[in-house]
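What follows is the residue order along each chain.
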Amino acid sequence: MRSSSPLPRMSRRGRVTIAVLVGVFVLFTLLGWGVQAWTDWLWFDEVRYTEVFTGVLVTRLLLFLAIGLGMAVIVGGNLWLAHRLRPRLRPHSVEQATLERYRMALSPRLGTWIALTAAVVGLFAGLSAQSRWNQWLLFRNGGNFGIKDPEFGVDIGFYVFQLPFWRYLLGVAFTAVVLAVIGALAVHYLFGGVRLQGVGDRMSNAARAHLSSLVAVFVLLKALAYVLDRRAMLLEYNEGAKLYGAGYADVNALLPAKEILAYISIVVAIAIIVFSNAWMRNLVWPGISLALLGVSAVAIGGIYPWAVQTFEVKPSAKDKEAPYIQRSIDATRAAFGLATTETTPYAASNLTPPGNLATDISVVSNVRLLDPQLVSETYTQLQQVRGFYDFGPKLDIDRYGVNGKTSDYVVGVREINYGELTDQQNTWINRHTVYTHGYGLVAAPANQVVCGGQPFFVSGFLGEKTQEACSSQTEQIPAKQPRIYYGERMAADDYAIVGQADPNKKAEFDRPVGEGGGESYTYTGEGGVKIGSFPRRLLYAIKEQESNFLLSEAVNKDSKLLYVRNPRDRVEKVAPFLTLDGDPYPAVVDGRVQWIVDGYTTAATYPYAERVNLQTETTDELTNRGTFQLARENVNYMRNSVKATVDAYDGTVRLYEYDDTDPVLKAWNKAFGGDLVLPKKDIPVELTEHLRYPADMFKVQRNLLTKFHVTNPGDFYSAQDFWQVPNVPDAPDSGQKQPPYYLFTQFPGQEGPRFQLTSAVTPNGRQNLAALISGSYVDGQPRLEVLELPDQTRISGPVQVHQQMTNNANIRQQLNLLSSNQAQVQYGNLLSLPFADGMLYVEPVYVKSNQQDAYPLLQKVLLSYGDGGSFVALADNINDGIKQLVDQGKRAGTGAPPPPTTGGNPTAPTPTPTPSGGTGNPPPTGGLATAADRVQTAITEVRNAQASGDFERYGRALKALDEALTAFQQAQQAANPGGAPSGNPSPGTSPSTGG
């Protein structure tokens, strides 16, 4: 009689229910995947980049199948082999009796269970593998860098293109062997090949041969891992030198150790097979071999390098690590494009404003007063016209040639902000078929204000009549097609349905006209996916989960669907291998508004190069305020290889090669057919005029230069000459870094004014100025330049200058008058400008009323020259401020004190009295002498407070100095009524030493 199964059988109804549920799940999963794939194909076909879609999709499928099948075959094959090698006779024992019921349950369908297990393992392995499509494409298409690593002499291309995928394959092999060992051991145990009880051997010969072979393969893989680890050591962190790359102990102890361990692993693998099967046929000696491998790994690979590091390197680390520090310096400068940085000494020894400051046309005339972050509110209020228009929280800086003169302009695009639609406007029809686009690129010269502090708008007009004094009467930057269908304010679900069968029926709101009226428009561009047919409408109804695609009469036979409308998202979808800059910007190119997006090729396996986190390095005050935050990606190689454009009207995406020497971009271009990226020579000339040094790339390079401007390994190890990026000048306690700023200006050594991105840096741990770093393009090539000030310079840094200017007694009084309960003072970009062997600082001062819908207006300009505190001015405009500085310089040369009403610093340099009356005046006596001593004491406190970095103390000290000067002037008048001052309490130098 046939015995019943020890496990209960599921009823027919239960099996059918489970089958139906699984079928429904698979159906909806496949339907969702199919809809997504189909709509993606249509989108890529619209932008004419189907090779990206097919290339990535095919690569993912092939990796899924190859790795998934490989893993399934290895695991399933070993399970099947373990079953085939089961012993025919098993000794009787309680253990075997217990296992018998499981054998009876599994044996009838063992092949099914093995196939199911292998399929599950293969599924997860394939899903993991398909995400490695980028590594595989680089592995297959990567070439050489033409640079060899300093240790093995291997081309850098091996590390960037080959090593990551080899390490992944090695990890897959380890996983497959481990799963095979676990699975085979379980089957051997279940079917009696491995026993814990009973007489005789605990393991059959067949099971021992099978399992020992798998262990031997694992050990052989470990030998291969040691070989790859030798190369990968050039990427590891060197704790001794605080840099990346193999150091002295690594090269002289750990590298030989890993080579020895690789040979030991091979010997151990052979010993395992021989001792387990060919000779003694037991597991004692194989176990001893594995134990010896473990001991060797600890002793040779751990203890020995530790001993070398502790007893040989640490006592003389500076000398021992010097060659390896030099390797890291050279590799980092090469990997991040710092090797060609031009460093020029800049003495900044002139502390007195020169006379030609008032007549300069290369620096002063181009000083940017409009802050793109602050005036965004002004643009919105003055150029918004309708509440649903928006310019975003930050505008952009670009340059244009108008009337034969090139200047920088603050530009913004008047976009639709769907979040500002009223409840009545925010219906499906209005949101997706009526309010479809914005209108116009609005620009204003960056160095000009009108009408009480407003920008002077020169473009982007909606056709209405404007005040002649407050804006240009004609479009100075004309756009033939000013409509904005693609912009930064577009979210992922902000799609638009455009197009009409009847040319006379215009449904889209175009622009406001008159009081409450507006013109209508019908989209005529090439962009968008056609959705006129029923299958397309059904497809997108499923994708967007919106029945109106099928029911609404707004969707007709000529309708198109515009989606993925954010220019950064659009480029990212077309070129998923690029890391994109967080600040796209618009420009009028050949009469059309184009979004320009900088694309970076990156890598994380450049030998000896410093590894940085892009999110950390690029975060500053402006992050997520009109810019996008970069992903938390660790890289040690970065190139601005691509300039991408997105047409704001039809969404056309173009990728232009900008770094034609980058091997990574060449590999990606080859992977997608060779013509994905247009060659550099195809960049239109007019577009070239608007390309700018990318902000995020500059931030990474600037931050690296704070350390890697030091090229001597001994000086680098001591870290005495390192710099740091200062905090925001008007909010130093916020911990946010001062963003770099775009300027159209001329620095010392440059042939003429240049559009460049600039940042000041200070010595590490101090706040005086150390250097100015600028990035620009010269003849189509990036150029990094550093103006380096001498060590121990007295020139103040941005934070100090802002404090010195705003804490000046006379200036503070005027600033207090600007701010009240009804208004607040806001400070714009503090610009650091080298001029005439000195430093000119300019900081615009805005005032914003606390009333609803108020916007900032430029009311004053703060200026300083020299060491930051000697000559300062607060003026209504830049010309008046420059005149004040020049007048203060002239007075300083003649010994006359500056008048307190000019906003100048009352402690400006003047002749110092001597006991003999060296200035032509007798030494002060009596009350005058007491007042002079009080001034000298106050000046000393100002210096000490400034050196301490305590700004609150510094402010109190300046206030005390102002009071002391007032008392001294009163004492002068009492001692010599109607006559010239009898003495001057000011020392020979300003109390502001620069730290």
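Residues numbered from 1 in each chain as written. Predicted model: local features only at pLDDT ≥ 70, side-chain atom pairs only at ≥ 80, totals over all residues. Heavy atoms only, no water.

1. As for the packing of helix α2 (residues 50-84) against helix α6 (residues 156-190)
Two measures define how a pair of helices packs: the angle their axes make with one another and the distance between the axes. Rules: Angles here are taken between N-to-C directions and fall from 0 to 180 degrees, while the axes themselves are lines fitted to C-alpha atoms, restricted in helices to the stretch in contact. Secondary structure elements are defined from DSSP: runs of H or I of at least 4 residues count as helices, runs of E of at least 2 residues count as strands, and each element is numbered from the N terminus. Note on angle classes: values under 35 degrees are labelled roughly parallel, values over 145 roughly antiparallel, values of 65 to 115 roughly perpendicular, and the remainder oblique. Helix crossings are classified by the rotation of the near helix relative to the far one: an anticlockwise turn of less than a right angle makes the crossing left-handed, while a clockwise turn makes it right-handed. Contacts were defined at the residue level, with two residues in contact if any of their heavy atoms lie within 4.5 Å. The residue classification treats Ala, Val, Leu, Ile, Met, Phe, Trp, Tyr, Cys and Pro as nonpolar and Asp, Glu, Lys and Arg as charged. All others, Gly included, are polar.
Running from N to C, α2 and α6 point in directions that differ by 25 degrees, and their axes come no closer than 8 Å. When the axes of α2 and α6 are compared, the pair comes out roughly parallel. Note that α2 runs across α6; the crossing there is right-handed. Counting all contacts with α2, which are made through L63, I67, M71, I74, V75, N78, L79, A82 and H83, the residues of α6 involved are F165, Y168, L169, V172, T175, A176, L179, A180, G183, A184, V187 and H188. Here the residues of the contact of α2 with α6 are counted per class, giving 16 nonpolar, five polar and no charged.

2. Here's the deal with a nonpolar patch on the surface
Our working rule: Patches here: salt-bridge-free residues with over 30% relative accessible area, like charges joined within 9 Å, nonpolar side chains (Val, Leu, Ile, Met, Phe, Trp, Tyr) joined within 5 Å. Computed by Shrake-Rupley with a 1.4 Å probe, the accessible areas treat only the displayed protein chains as cover when residues are assessed. Any carboxyl oxygen of Asp or Glu within 4 Å of a side-chain nitrogen of Lys or Arg constitutes a salt bridge here.
A cluster of nonpolar side chains, W113, L116, V120, L123, F124 and L127, forms an exposed patch at the surface whose accessible area comes to about 590 Å². The residue L123 is located in helix α4 (residues 110-130) in this model.

3. Side note on the pattern of salt bridges
Oppositely charged side chains are able to pair whenever their charged atoms sit close together. Applied cut-off: Three labels apply to residues, based on accessible area from a 1.4 Å probe with only protein chains included: buried if under 20% of the type maximum, exposed if over 50%, partly exposed otherwise in between.
Across all of its chains, the model carries 32 salt bridges by this definition. The closest approach of N and O atoms between D229 and K258, which form a salt bridge, is 4.0 Å. With D229 in helix α7 (residues 205-232) and K258 in helix α8 (residues 248-278), this pair connects stretches of sequence that are 29 residues apart. D229 gets classed as partly exposed once you look at its relative accessible area, which sits at 25%. Between D647 and R592 there is a salt bridge; the shortest N-O distance is 2.7 Å. Here D647, found in strand β23 (residues 637-647), pairs with R592, found in strand β20 (residues 592-603); they are 55 residues apart in sequence, far enough to count as distant. Owing to a relative accessible area of 3%, D647 belongs among the buried residues under this scheme. Note on R592: relative accessible area 28%, which makes it partly exposed. Among the charged side chains, a salt-bridge network with shared partners connects K394, D396, D583 and R692.

4. Considerations on the side chain of N640
Put simply, the test is: Within 3.5 Å is the distance limit for a polar contact, defined as a pair of N or O atoms, with the added protein rule that one can donate a hydrogen and the other accept it, and that residues adjacent in sequence qualify only through two side-chain atoms.
Position of N640 relative to the elements: it lies in strand β23. Of the residues examined, N640 reaches a relative accessible area of 10% and is grouped as buried. A polar atom in the side chain of N640 sits 3.5 Å from the side chain of D598. At 3.1 Å, the side chain of N640 forms a polar contact with the side chain of Y777. Ignoring anything within four residues of it in the chain, the contact list for N640 reads D598, G599, Y600, Y658, D659, P694, M697 and Y777.

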